Amino acid sequence: MANTQSSNPHPSFEPGPILLMGAPGVGKGTQAKELVSLWTIPQISTGDLLRANVASGSALGQHARALMDAGHLVPDDLVNQMVELRLQEPDTTHGYILDGFPRTLAQAEWLDDKLAVGAHRLPLVAVSIRVAYTQLLRRITGRRICPVCGSIYNVYLQPPRQEGVCDLDGTLLQRRDDDSETVFEGRMRAYEAQTAPVVAHYQALGRLVEVDGEAALDAVTARVEQAVRHLRNA
Ligand code: AMP
C-alpha cells in the first residue's frame, strides 16, 4: 500500500500532518486528492482502512463490521492502533492528509501525544472546509448519477442537456437513496455532534483555519494550500 518514498520532493516546504475536516458534501475527499498530487504525500482515510479490514476479514474488520453497518463509531483504541501502524509506513515521513480521523476528542488527544514524541517532527494542523447548509443541501439532493457510465450531474448546479437523461449515453439518471434530504439531515447532525469538540480542540490550540469551500475546485485547493502554509508559518 505504501510506497517507499524517502526524500522530500518539496525540500523548501514540509507539509507535515494535515487534518482535513468538513461536513458531508463539502468536497473534502476531492480536495484531499488535490493535496496528494500537490505535495506527494498520502491520504490516510480511517473509513477506507476499516473497509479494507472488513474486506480482508481481519480480526479488526470482523469487530468493526457490525458497528460500521449500524453507523456507529469503532472504539477509539482499535482505530488508534490501526492509525499507529499506518503512520509507521515510510511514505508518511514528510506528511500525510488525515481524512475521517481524529473524529473524537479522545482520538485527537491520543494523536497529539503520539506526534509530540518520536519521528514526527511537526504538529498536526487542521483545515476545516465550510459550505453553507443550503448549498450543501443542493449539492447532495440535486445529485443524479448515470447507472451505466457513472457520470455525475446536479439538477441545480450542473444539469444534463435533457432533463433526467445522461448526455453521454441517453440512460435515465438515478438518485442515490442516501442523497435524500432526511438522510442528509441525519448525517449533518452526526457530523456536528462528533466533530464539534475536535474542531474546538484544534481551534483552542491555534492550529485550525476555516476555509470557504464555495468556489471552483482550483480556488478552494489554493485556499486550503494557503491555510496549511499559514499554519506552518511558511
Ligand atoms: P467514513 O468513510 O469516514 O464515513 O467512515 C465509515 C465508518 O467507519 C464510520 O461510520 C465509522 O463506523 C468508521 N470510522 C471511520 N473513521 C473512524 C474514526 N476515526 N473513529 C471511529 N470510527 C470510524
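Located above this text is the structure these notes cover.
The structure contained in this document is the topic of the report that follows. Just so you know, these numbers come straight off a predicted model, no measurement behind them. (Residues numbered from 1 in each chain as written. Predicted model: local features only at pLDDT ≥ 70, side-chain atom pairs only at ≥ 80, totals over all residues. Heavy atoms only, no water.)

**A short note on the site of the ligand**
Neighbouring the ligand are 13 residues; T46, R51, H72, G100 and Q107 lie closest to it. H72 is positioned with one of its backbone polar atoms (N or O) 2.6 Å from an oxygen atom of the ligand. Q107 has a polar side-chain atom sitting 2.9 Å from a nitrogen atom of the ligand. Taking 480 Å² as the accessible area of the ligand by itself, protein coverage stands at 81%. For the shell around the ligand, the leading source of residues is helix α2 (residues 46–56), giving four residues. Residues that form the shell around the ligand fall into these classes: six nonpolar, five polar and two charged. (Near = heavy atom within 4 Å. Polar contact = N/O pair within 3.5 Å; in protein donor to acceptor, adjacent residues only side chain to side chain. Areas by Shrake-Rupley, 256 points an atom, 1.4 Å probe, with all protein chains shown as cover. Helix = DSSP H or I, 4+ residues; strand = E, 2+ residues; numbered from the N terminus. Nonpolar A, V, L, I, M, F, W, Y, C, P; charged D, E, K, R; others polar.)

**With respect to helix α8 (residues 217–231)**
If you check α8, its first and last C-alpha atoms are 21 Å apart, about what 15 residues at 1.5 Å a residue would give, namely 21 Å. When α8 is considered as a whole, its buried residues turn out to be V220, T221, V224, A227, V228 and L231. Down the axis, α8 shows its buried residues gathered within 125 degrees of arc, on one side only. Those residues of α8 that are exposed and aimed more than 90 degrees away from the buried face are D218, Q226 and H230. Positive phi shows up at N233, right after α8, with a value of about 55 degrees. (Expected span 1.5 Å × (residues − 1). Buried < 20%, exposed > 50% of the residue type's maximum accessible area, 1.4 Å probe, protein only. Arc of directions from axis to C-beta.)

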